[in-house]
Amino acid sequence: MKTVKRIILCSIALVVLGGCAYRHYLGLHGPSVRNVPDVHEGVTEDAECLGCHHPDRHPTGPPTSHPQFTGCLKCHSDPLK
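What comes next concerns the included structure. Note that the coordinates shown come from a computational prediction; the quantities given were computed from them, not determined experimentally.

Here's the deal with the overall build of the protein chain
Right, so step 1: A tally of regular secondary structure across the protein chain gives five helices and zero strands.
Right, so step 2: When its helices and strands are written in sequence order, the protein chain yields α-α-α-α-α.
Right, so step 3: Relative to its full complement of 81 residues, the protein chain shows a buried share of 17%.
Right, so step 4: Taking the contacts inside the protein chain whose residues are at least 6 apart along the sequence as the reference set, 54% of them involve residues at least 24 apart.
Right, so step 5: Working note: accessible area of the protein chain is about 6,500 Å², and carbon and sulfur atoms make up 63% of it.

A word on a nonpolar patch on the surface
Right, so step 1: On the surface, Val4, Ile8 and Ile12 cluster together into a nonpolar patch covering about 270 Å² of accessible area.
Right, so step 2: Along the chain, Val4 turns up in helix α1 (residues 2-17).

Looking at the environment of His66
Right, so step 1: Counting through the fold element by element, His66 comes out in the loop between α4 (46-53) and α5 (72-75).
Right, so step 2: Each C-alpha atom of the pair His66 and Pro55 lies 9.0 Å from the other, and the pair is eleven residues apart in sequence.

Considering unusual backbone geometry
Right, so step 1: Although it is not a glycine, His58 adopts a positive phi angle of roughly 50 degrees.
Right, so step 2: Turning to its location among the elements, His58 is positioned in the loop between α4 and α5.
Right, so step 3: Among the residues examined, His58 registers a relative accessible area of 74% and is labelled exposed.

Observations concerning the side chain of His54
Right, so step 1: Among the structural elements, His54 can be located in the loop between α4 and α5.
Right, so step 2: Since its relative accessible area comes to 13%, His54 is described here as buried.
Right, so step 3: At 3.1 Å, the side chain of His54 forms a polar contact with the backbone nitrogen of Asp56.
Right, so step 4: With residues near it in sequence (within four places) discarded, His54 still touches Pro59, Thr64 and Pro67.

Analysis parameters
Residues numbered from 1 in each chain as written. Predicted model: local features only at pLDDT ≥ 70, side-chain atom pairs only at ≥ 80, totals over all residues. Heavy atoms only, no water. Helix = DSSP H or I, 4+ residues; strand = E, 2+ residues; numbered from the N terminus. Buried < 20%, exposed > 50% of the residue type's maximum accessible area, 1.4 Å probe, protein only. Contact = heavy atoms within 4.5 Å. Areas by Shrake-Rupley, 256 points an atom, 1.4 Å probe, with all protein chains shown as cover. Patch = residues over 30% accessible without salt bridge, like charges linked within 9 Å, V, L, I, M, F, W, Y side chains within 5 Å. Salt bridge = Lys/Arg side-chain N within 4 Å of Asp/Glu carboxyl O. Polar contact = N/O pair within 3.5 Å; in protein donor to acceptor, adjacent residues only side chain to side chain.

Here it is, written out as structure tokens:
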């Protein structure tokens, strides 16, 4: 029984502390920038993403709920299906 509790506790800690990484592993990525290629053409850095999506900077695009995360394009550049 202690082993099950430890596994559950470790899983919760991984989810909470892992940030975007656990979502990437589980395939739970955000909307892809490839959905709107004309707007996101040439975007290669987080600063460019946050320039339009940071909630405190009067965003022109949908504001992100996690501006403190890094690696925007790791979770938001999936190929379209």
